[in-house]
Amino acid sequence: MEILGALESLFGPAWPAVWTLAKIVAIVAPLLLGVAYLTLAERKVIGYMQVRIGPNRVTFFGIPWLRGWGQPIADGLKLLVKELIIPAGANKFLFVLAPVMAIMPAMAAWAVVPFSPELVLANIDAGLLYVMAITGMGVYGIIIAGWASNSKYAFIGSLRSAAQMVSYELAMGFALVCVLMAAQSLNLGEVIRMQQGGWGLLNWFWIPLFPIFLVYLISGVAETNRAPFDVAEGESEIVAGFHVEYSGMAFAVFFLAEYANMILISTMASVMFLGGWLSPVPFLPDGFIWLAAKTAFLLFFFLWFRATFPRYRYDQIMRLGWKVFLPLTILWIVVLGAWMQTPLWVWWK
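As the structure is a prediction and not an experimental result, all values here were calculated from the model.

*Asks:* I'd love a proper account of the packing of helix α9 (residues 210–223) against helix α10 (residues 248–273), names of residues and values included.
*Replies:* One can describe the packing of α9 onto α10 by two numbers: an axis separation of 10 Å at closest approach and a directional angle of 170°. Considering the angle they form, α9 stands roughly antiparallel to α10. Seen from α9, the contacting residues are Ile212, Phe213, Tyr216, Gly220 and Glu223; seen from α10, they are Ile265, Met268, Ala269, Met272 and Phe273. For the contact of α9 with α10, the class distribution of residues is eight nonpolar, one polar and one charged.

This is how it looks when you write it as structure tokens:
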């Protein structure tokens, strides 16, 4: 605290802005590193599931037991030095803006995520609403990418991807309504505190909201265009969907956005349904380590799904979103509202 006091006197009136910037860097830097190494984890996990080894060559300083750990750095450097080709007929401004619009919501949403009881960048009362609003903007990056490319393949891919994202955004929105009802608050820190109790993990919202927990997680997989919902990458044509015309670092930013959204959805599911930083057993202390462990556990399912399930047809994806998840979430809002008025509701009483 003495160090903070000295810095505050050093920067004077600019200190609040400097301190906020420092906290943003403290969140974004580990997040980008996590995104990079999530790609390695995915390749390793899927490799083991398919009886392969995965990346095992690129190392640091020739250290044998770090083989494979340098792969994300090598991939990043390769994409960094590759030429960014902008198609002749493309709208150059929007073409470059689209990747930024895709990754911006995935980064901005972290502002309200509570990492521990004290550690949160912006402890606002409408945190749940903010996350829903800011993540809903990600679809604009995809639509603009497809349109600005001046390519029919990219445009069709972007429309298909946007329709899928909007469809599952509705189910996720109604899932958040159930969390709001159960927690009686839009503040994410308060959502976690409402899951505290003497029973550990039995106090968490995954029990009364179990169908909603599954809907949120599966909708998150669809929202991030991950397998088996990755029809944006093309069904019969061998193209990459909305980002087919992108190369180099612009392509890498779309890639980063997808993996950053995976981490965000896993973290949000941990906060809303699995007690966030709370310990699963009463005799162990709470802390950030539990939030990280729950997030990693849910991320494993994203990787597991990709290695296991075949890709859905587009009509099956739309049917699941509109005819199964949407009615289920609306029904559960009614069930939850009735349940909370009875003595059988034992959470936070």
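What follows picks up the thread again.
*Asks:* Before we move on, can you summarise the side chain of Ser219 with the specific residues and values?
*Replies:* By secondary structure assignment, the location of Ser219 is in helix α9. Of note is the side chain of Ser219, whose polar atom sits 2.8 Å from the backbone oxygen of Val215. Apart from residues lying up to four places away in sequence, Ser219 is in contact with Tyr168, Ala171, Met172 and Phe325.

*Asks:* For the nonpolar core, give the residues involved together with the corresponding values.
*Replies:* One finds Trp110, Phe205, Leu209, Tyr216, Met268, Met272 and Phe273 to be the most contacted residues of the largest nonpolar core, which totals 89 residues. Here the element with the most residues in this core is α10; it accounts for 15 residues. Non-local contacts of Leu209, meaning those with residues more than four positions away in its chain, are made with Cys178, Val179, Ala182, Phe273, Trp332 and Leu336.

*Asks:* I'd like to hear about the packing of helix α2 (residues 15–49) against α10, residue by residue, with values.
*Replies:* The geometry of α2 relative to α10 is characterised by a closest axis approach of 9 Å and an angle of 95° between their N-to-C directions. Considered as vectors, α2 and α10 are oriented roughly perpendicular to each other. Between α2, through Leu31, Gly34, Val35, Leu38, Thr39 and Glu42, and α10, the contact on the second element is made entirely by Phe255, Leu256, Tyr259, Ala260, Met262 and Ile263.

*Asks:* Now, about a nonpolar patch on the surface: what can you tell me, with residues and values included?
*Replies:* Together, Ile73, Leu77, Leu80, Val81 and Met249 make up a nonpolar patch on the protein surface, roughly 470 Å² of accessible area in all. Here the element with the most residues in the nonpolar patch is helix α3 (residues 71–81); it accounts for four residues. With respect to the secondary-structure elements, Val81 resides in helix α3. By relative accessible area, which is 70% here, Val81 ends up exposed.

The rules behind these values
- Residues numbered from 1 in each chain as written.
- Predicted model: local features only at pLDDT ≥ 70, side-chain atom pairs only at ≥ 80, totals over all residues.
- Heavy atoms only, no water.
- Axes fitted to C-alpha atoms, helices over the stretch in contact; angles between N-to-C directions.
- Helix = DSSP H or I, 4+ residues; strand = E, 2+ residues; numbered from the N terminus.
- Parallel < 35°, antiparallel > 145°, perpendicular 65-115°, else oblique.
- Contact = heavy atoms within 4.5 Å.
- Nonpolar A, V, L, I, M, F, W, Y, C, P; charged D, E, K, R; others polar.
- Polar contact = N/O pair within 3.5 Å; in protein donor to acceptor, adjacent residues only side chain to side chain.
- Core = buried A, V, L, I, M, F, W, Y, C linked by side-chain atoms within 4.5 Å.
- Buried < 20%, exposed > 50% of the residue type's maximum accessible area, 1.4 Å probe, protein only.
- Patch = residues over 30% accessible without salt bridge, like charges linked within 9 Å, V, L, I, M, F, W, Y side chains within 5 Å.
- Areas by Shrake-Rupley, 256 points an atom, 1.4 Å probe, with all protein chains shown as cover.
- Salt bridge = Lys/Arg side-chain N within 4 Å of Asp/Glu carboxyl O.

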